[in-house]
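Descriptive structure summary
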Amino acid sequence: MTIQTPQSAAPLLFFDTGIGGLSVLREAKKLLPTAPIVYAADYAGMPYGMKSEEELSTRIPLLLGRLVERYKPLLVTIACNTASTIALDVVRSVLDIPVVGTVPAIKPASAMTKTGVIGLLGTTATIRQPYVDRLASEFAADKILLRYGAPGLVKAAEAKLRGEQPDLDIIKSAVEGLVTQDRGDEIDTVILACTHFPLVQDELQNSFVRDIQFIDGSVGIAKRIAHLTAQISWPETSKNGVFVTTGAREFLVPYEPQLQDFDLTRIETL
């Protein structure tokens, strides 16, 4: 579904459990620097990676329905791998605007690897999804894909965005979860299958004994958003965006310096 009617005043809506989706928003703003932005974080529902598929497939469409009703966006981006792999089809069926999802970057990782051994870090929920099995079968059938659920990296990324030092034991545990698997010492490419994880990519690299190629889906998602909105006449200058949370407003105070870097200066609750 492409957007045919220019509606430059309407925003782009980004949705995640927390601030992980900022890794996607960063790439989108490079291509669409003046597009109005609403960023929604479901802090009341965090962590998604530890919730059941049934709970999330109900919660996410309901929340997005409320957000679309309030903010009237042109397009929704589910900037969360877990939410996308579980609820993307349901969300698309209930919303009448384009919905862009986030899926593990298995296809490009398969083209990048030289050793043929790829690591995949995601939440517990993401790595067990049949959708990931299908991507692996289609795009990496001749490769070895080693998966590891590292939900603790979400906490590490959130801490970093609050200006705190991430827990390096969490980082080391995630890396060890990959490299200690059979042929894990041959990994040369790692898929960051959670939008939080690129925020601690430097820390992850420092825990590997050799250089690793990291890849996530943010650049591809940004290109998809730009393609779907190619007919839109965006404002000449950017305006301050909205950050909306399902959690407590005061919880966001430590994040405000980082949010301001993304021009997300209006804080609201849902």
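Located above this text is the structure these notes cover.
As a starting point, this report considers the structure included with it. (Residues numbered from 1 in each chain as written. Predicted model: local features only at pLDDT ≥ 70, side-chain atom pairs only at ≥ 80, totals over all residues. Heavy atoms only, no water.)

What follows covers helix α8 (residues 168-179). When the terminal C-alpha atoms of α8 are compared, their 16 Å separation across 12 residues agrees well with the 16 Å that a helix rising 1.5 Å per residue should span. Three or more residues of α8 are buried, namely I171, A174, V175, G177 and L178. Along the axis of α8, the buried positions cluster into a sector of 155°, meaning they face one direction only. Those residues of α8 that are buried are in contact with β5 (117-122), β6 (144-149), α7 (152-161), β7 (189-192) and α9 (201-207). (Helix = DSSP H or I, 4+ residues; strand = E, 2+ residues; numbered from the N terminus. Expected span 1.5 Å × (residues − 1). Buried < 20%, exposed > 50% of the residue type's maximum accessible area, 1.4 Å probe, protein only. Arc of directions from axis to C-beta. Contact = heavy atoms within 4.5 Å.)

What follows concerns the sheet that holds strand β8 (residues 213-215). Two orientations exist for strands paired in a sheet by backbone hydrogen bonds: parallel and antiparallel. Taken in spatial order, the four strands make up an open sheet running β6-β5-β7-β8, and their pairing is parallel. The open sheet has two edge strands with one neighbour each: β6 and β8. The average undirected angle you get between the axes of adjacent strands in this sheet is 25°. Sheet strands in contact with α8 are β5, β6 and β7, and its direction is about 145° off that of β6. (Pairing = 2+ DSSP bridges. Axes fitted to C-alpha atoms, helices over the stretch in contact; angles between N-to-C directions.)

Its location among the elements puts I86 in helix α3 (residues 81-94). When sequence neighbours within four positions are dropped, the list of residues in contact with I86 reads E53, L56, S57, A125 and Q129.

Taken as a whole and assessed by the stated rule, the structure comprises five aromatic pairs. Here Y39 and F243 contribute two aromatic rings whose centre-to-centre distance is 5.2 Å and whose plane-to-plane angle is 15°, an arrangement assigned as stacked. Here the residue Y39 occupies a position in strand β2 (residues 37-41), and F243 occupies one in strand β9 (residues 241-245), the gap between them amounting to 204 residues. Exposure class is identical for Y39 and F243. Each is buried. Aromatic side chains F208 and F214 sit 6.1 Å apart centroid to centroid with 70° between the ring planes, which places their arrangement in the edge-to-face category. (Phe/Tyr/Trp six-rings, centres within 6.5 Å; stacked < 30°, edge-to-face > 60°.)

Attention now goes to the nonpolar core. Counting residues in each nonpolar core, the largest one holds 55 residues, and the members touching the most others are L12, L121, L204 and F243. No other element matches the five residues that α7 contributes to this core. Within the second largest apolar cluster, 26 residues are counted, among which are V38, L67, L88 and V242. (Core = buried A, V, L, I, M, F, W, Y, C linked by side-chain atoms within 4.5 Å.)

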